[in-house]
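# Topology and contacts: notes
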Amino acid sequence: MRHILILLSVFLLSAFPSAGCKPPEKASLKHTRISSGSELVIAAVGDIMMPLSIQKAVARNGHRYDILFEQVIKDLKADIVFANLETPVNDRLPISGYPKFNSRPELLAALKRAGISIVSVANNHALDAGPGGLIRTLDNIEAAGIVHAGAGRTRAEAERISRLTAKGISVAFLAYTYATNEGIPRKKKGMPSVNILRTDSDEDLVRAAAGVRLARASADLVVVSLHWSDEYRSAPTPWQRRAARELIEAGADIILGHHPHVLQPIESYTASDGRQCLIAFSLGNFISSQNFGVSNRNRDHASALRGDGIILTIHLRKEQGRTSVTGAEFLPIWTARQKVGNTFVFRPVCIARELERIGSLQRRSTEDENMLALLRHRQKIITDQLTKR
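The rules behind each value
Residues numbered from 1 in each chain as written. Predicted model: local features only at pLDDT ≥ 70, side-chain atom pairs only at ≥ 80, totals over all residues. Heavy atoms only, no water. 1 Å grid on protein atoms, 1.4 Å probe; cavity = no way out; pocket = protein on both sides within 12 Å on 5 of 7 lines; lining within 4 Å. Points joined across faces, edges and corners; volume = space filled by probe spheres on them. Helix = DSSP H or I, 4+ residues; strand = E, 2+ residues; numbered from the N terminus. Expected span 1.5 Å × (residues − 1). Buried < 20%, exposed > 50% of the residue type's maximum accessible area, 1.4 Å probe, protein only. Salt bridge = Lys/Arg side-chain N within 4 Å of Asp/Glu carboxyl O. Nonpolar A, V, L, I, M, F, W, Y, C, P; charged D, E, K, R; others polar. Phe/Tyr/Trp six-rings, centres within 6.5 Å; stacked < 30°, edge-to-face > 60°. Lys NZ or Arg CZ within 6 Å of the ring centre and 35° of its normal.

What follows is about the layout of surface pockets. The space that makes up the largest pocket amounts to roughly 620 Å³. Lining the largest pocket are 23 residues, and of these Val294, Arg337, Glu367, Met371 and Leu374 lie nearest its centre. Looking at the lining of the largest pocket, the elements that each hand over two or more residues are strand 17 (322–340), strand 18 (343–350), helix 7 (351–359) and helix 8 (366–387). The element best represented in the lining of the largest pocket is strand 17, accounting for six residues.

As structure tokens, then:
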């Protein structure tokens, strides 16, 4: 069941509550055309984590990463679908998990088949496989036919604005992260780079706002992806609120946040120029194993929040040369541990559909009953978190 978001302002159908650094003089645009039509729909999911347990399970199934997304592929139907890719994809190194991730190119092909059209690479794990690994990641993303934002083979490329056009609406994407776990080789000219917006940094915020203004000048809609906040924090920080609002006033229409690995509120914000904007402070995890060990018996354990996620769908329309957000809704998902082929794997499932499937069983085991209770509880937690006023 999709939940229409009730916003504090009335522009939506109604449903969630609501320096001094010299800016770049120009920014080029990486452009991809998707389709044509009238109303535009953007879907967004959170962190794509690839712990070793998931990758080994995929390997036992012939490296078919598609098994990870087959339960939600029908829910990722939109003109543009965004995700945060929180793993390098360097085919010259073996797969690896936390603390330094690395995945195979088959992951990207599976994401493309699942409907993902653009990913942010600006996150703290971007350089887990080193500078060369970042370059290989960007090569592999492009080879899979996916657009990327937030990083580049050079600093100039990282600062480029990525743009997709669908339904006659041009959408610019920018992406920033608070830091990377491995240092960015800034002192060496021509080295790969990641866009940084440090917590509480006025200098970085001025620079990011300048990038947003450049994007605003050449696009109908501006989306900013922000890897920020504290891990496992369920409420936005004062810095998140300040940064989001300043970037919106600079021209951003949609803020897509991630990194906490748990959901944070989604709010509406009316810019001073009258634009109706949307802030998703944290989309939670899309896929991970961070809720390992959670069952109906300990369903309120803190790690259960790391299994909660959503597919956020945003509706937009261009009228008289101005593009506006006209509605939004979310689909609660849960990272479930399921038997696939000859092994168990963590993967996202649509809670409503899984409740229907288990509920329709003529004979339900104790395990089935426990899963029903767990999913009903997590669905309520997600809905309450995102619809509280």
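The subject of this paragraph is helix 3 (residues 130–143). The end-to-end C-alpha separation of helix 3 is 20 Å, in line with the 20 Å expected for 14 residues at 1.5 Å each. The set of residues buried in helix 3 consists of Gly130, Gly133, Leu134, Arg136, Thr137, Leu138, Asn140 and Ile141. Looking one or two residues past helix 3, glycine 145 carries a phi angle of roughly 80 degrees, positive in sign.

Think of it this way: side chains of opposite charge can pair up when their charged atoms draw near. All told, the structure shown has 27 salt bridges when counted by the stated rule. Close ionic contact of arginine 153 with aspartate 139 constitutes a salt bridge, the shortest N to O distance being 2.9 Å. Pair noted here: arginine 153 is in the loop between strand 7 (151–152) and helix 4 (155–158) and aspartate 139 is in helix 3, with a separation of 14 residues, a long-range link. Between aspartate 384 and lysine 380 there is a salt bridge, with the nearest N and O atoms lying 2.7 Å from each other.

Looking at the largest cavity, its volume works out to about 50 Å³. Around the largest cavity sit Tyr176, Thr177, Tyr178, Leu197, Thr199, Leu226, His227, Trp228 and Trp239, which together line it. The set of elements that each furnish at least two residues to the lining of the largest cavity consists of strand 9 (169–177) and strand 11 (221–227). Of the residues that constitute the lining of the largest cavity, the class distribution is six nonpolar, three polar and no charged.

On to the packing of aromatic side chains, then. Under the defined criterion, the tally for this structure stands at five aromatic pairs. Relative to phenylalanine 281, the ring of tryptophan 228 has its centre 6.2 Å away and its plane inclined at 20 degrees; by these criteria the two rings are stacked. Remark: phenylalanine 281 occurs in the loop between strand 14 (276–280) and strand 15 (285–287) and tryptophan 228 occurs in the loop between strand 11 and helix 6 (238–250); sequence separation between them is 53 residues. On the basis of relative accessibility, which here comes to 4%, the residue tryptophan 228 falls in the buried class. A residue is classified by how much of its surface remains accessible, and phenylalanine 281, at 1% relative accessible area, is buried. Across from the ring centre of tyrosine 232, 3.8 Å away, lies the NZ or CZ of arginine 306, which sits over that ring.

Here tyrosine 98 and proline 99 are connected by a cis peptide whose omega angle stands at 10 degrees. Unusually for a residue other than glycine, lysine 167 sits at a positive phi of about 55 degrees. Among the secondary structure elements, lysine 167 is positioned in the loop between strand 8 (161–166) and strand 9. Positive phi outside glycine occurs at aspartate 200, with the angle close to 65 degrees. Examined against the element boundaries, aspartate 200 turns out to sit in the loop between strand 10 (193–194) and helix 5 (202–216).

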